[in-house]
Amino acid sequence: MITASAAARALFLSRFGAAPSGVWLAPGRANLMGEHTDYNDGFVLPFALGQVTAVAAAPRLDGRLVLCSRQQPGLEVDAALDDLMPGAVTGWGAYPCGVAWALREAGHEVPGASIAIDSDVPAGAGLSSSAALECATALTLTSLAGLAVPRRELAVIARRAENEFVGVPSGIMDQSASLLCQARQALLLDCQSLETSQVPFDPGLAGARVMLIDTRATHKLTGGEYARRRAECEEAARLLGVASLRAVTDPAAVQRLADPVLRRRARHVVTDDARVLQVVALLRDGAGSGAAGAAGAAGAYREIGRLLTQAHESLRDGFEVSWPEADAAVAAALAAGAFGARMIGGGFGGSVLVLAGPDNGVRSAVSEEYARRGWTAPEFLDATACDGARRVA
Ligand code: GLA
């Protein structure tokens, strides 16, 4: 199978008639624990996928960005850097153009560029295909300019592109994961200080595996519902007298909220933050590296699975962002003997993460359940923790 970077390079050659100066790529992500915690200044624990967005590029002297993508045939984008401002570019080109705009806003003078893109991160599956595109572009443009911008700063810039240029009010998790993750590690990110640390995460060593299920559910309401959840969390923090829900560590404290909806939202955030730290402790105690011995590590993965399922229940009943196809996938996976499962990402569509033993019947159990309900067949992806964004040619 041709890789995304080879395909991006070939597209560049055929569209621009010369070899690119280089090829850069950035991965999609899955999140082990900590959902809707990033914009509450809390903790998240994502890892990078093997699926990537690749960018083949060369600088241009005319100050323009000329972009083509194998996923967007016939929808080429041509924009002058000096004309970039929020609203100036819509559609898929808003992501890469937004990154060029945000880099320049941050004082990084990047050149015009010819860019050809290919991606094998499934779009709309909640695996951060947009962050992969943003981060691959950010690395490309800064490399072409010869700028060594620290990755933590690049993540903030890519997020700004998404928030202000594309107009999606996301948190910092996806861009941080795409830029900062390392192979066989999950990334513990403190979204308040932006401090990170790598946590060993190699379930295969303990005979466990991570499977992602793209539930194929459309998520039309995501934008509005996501923004509403953010507003509810801010209101809960205000009523509790704290700057953000991160400051609340005792779940009992949310009982002070009179409004039952705000109470449910806040309880999810506070307990999910705690679950992130619990999973980190289990991984560091040996589950992640196999240091606890295979049997001990397998036990720890079962415990992590229990926390995953607990998190799903909290997202479903407390934060109310799950969707029927996710709930059915989680239930079928658990019935087939998975250690645990939960929806990942913003919700209302996208993927479910399953932690299971090696020979599991999860795939057939979930497929059969979807067929029984007359739903579009789900897609399955074996996930291992891979490296973050990098130059490949
Ligand atoms: C989306 C956003 C992230 C994060 C998750 C929920 O993926 O882009 O910033 O808020 O939802 O955890």
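This text goes with the structure placed above it.
Predicted model, so just to flag it, every value in this text is computed and none were measured.

J.: Sorry, what's going on with the packing of aromatic side chains here?
T.: Here the distance between the centres and the angle between the planes together describe a pair of aromatic rings. Per the counting criterion, the structure on display carries six aromatic pairs. Plain terms: the ring middles of Phe12 and Phe16 are 4.7 Å apart, the flat faces sit at 45° to each other, and that makes the pair tilted. Here Phe12 and its partner Phe16 are both found in helix α1 (residues 4–16), four residues apart, which amounts to about one turn of the helix. Here Phe12 and Phe16 have matching classes, each one buried. Between the aromatic rings of Tyr39 and Tyr226, the centroid separation amounts to 5.4 Å while the plane-to-plane angle is 70°, which identifies the pairing as edge-to-face. Placement of Tyr39 in the loop between β1 (22–31) and β2 (43–44) and of Tyr226 in helix α6 (residues 222–240) is noted, with a sequence separation of 187 residues between them. Taken together, the ring pairs in this structure connect Phe47, Phe201 and Tyr301 into an aromatic cluster.

J.: Even after reading the chapter, I still don't get the pairing of strand β11 (residues 351–356), so can you show me in this structure?
T.: Regular strands show a simple pattern: their side chains alternate between the two faces of the sheet. Burial of β11 is extensive: six of the six residues sit out of reach of the surface. The alternating pattern of β11 places Ser351, Leu353 and Leu355 and Val352, Val354 and Ala356 on opposite faces, both of which are buried. Strand direction decides the pairing type here: strand β9 (residues 209–214) and β11, joined by six bridges, are antiparallel. Each residue of the ladder has a partner; that of Ile213, found in β11, is Val352.

J.: I keep staring at the side chain of Asp273 and nothing clicks. Help me out?
T.: Among the structural elements, Asp273 can be located in helix α7 (residues 260–287). At 5.6 Å, Arg246 is the nearest oppositely charged side chain to Asp273, a buried residue that forms no salt bridge. Excluding anything up to four places from it in sequence, Asp273 contacts Thr37, Gly42, Phe43 and Arg246.

J.: Would you mind showing me how to read the packing of helix α8 (residues 293–318) against helix α9 (residues 324–335) here?
T.: The description of two packed helices rests on the angle between their axes and on the distance between the axes. Contact pair α8 / α9: the axes reach a minimum separation of 12 Å and the direction vectors enclose 155°. One finds that α8 runs roughly antiparallel with respect to α9. Crossing geometry of α8 relative to α9 is assigned as left-handed. Of the residues in α9, those in contact with Thr309, His312 and Arg316 of α8 are Ala326, Asp327, Val330 and Leu334. Taken together, the residues of the contact of α8 with α9 break down into three nonpolar, two polar and two charged.

Calculation rules
- Residues numbered from 1 in each chain as written.
- Predicted model: local features only at pLDDT ≥ 70, side-chain atom pairs only at ≥ 80, totals over all residues.
- Heavy atoms only, no water.
- Phe/Tyr/Trp six-rings, centres within 6.5 Å; stacked < 30°, edge-to-face > 60°.
- Helix = DSSP H or I, 4+ residues; strand = E, 2+ residues; numbered from the N terminus.
- Buried < 20%, exposed > 50% of the residue type's maximum accessible area, 1.4 Å probe, protein only.
- Pairing = 2+ DSSP bridges.
- Lys, Arg positive; Asp, Glu negative; His and termini not counted.
- Salt bridge = Lys/Arg side-chain N within 4 Å of Asp/Glu carboxyl O.
- Contact = heavy atoms within 4.5 Å.
- Axes fitted to C-alpha atoms, helices over the stretch in contact; angles between N-to-C directions.
- Parallel < 35°, antiparallel > 145°, perpendicular 65-115°, else oblique.
- Left-handed = near helix turned anticlockwise from the far one by under 90°.
- Nonpolar A, V, L, I, M, F, W, Y, C, P; charged D, E, K, R; others polar.

By themselves these figures say nothing about function.
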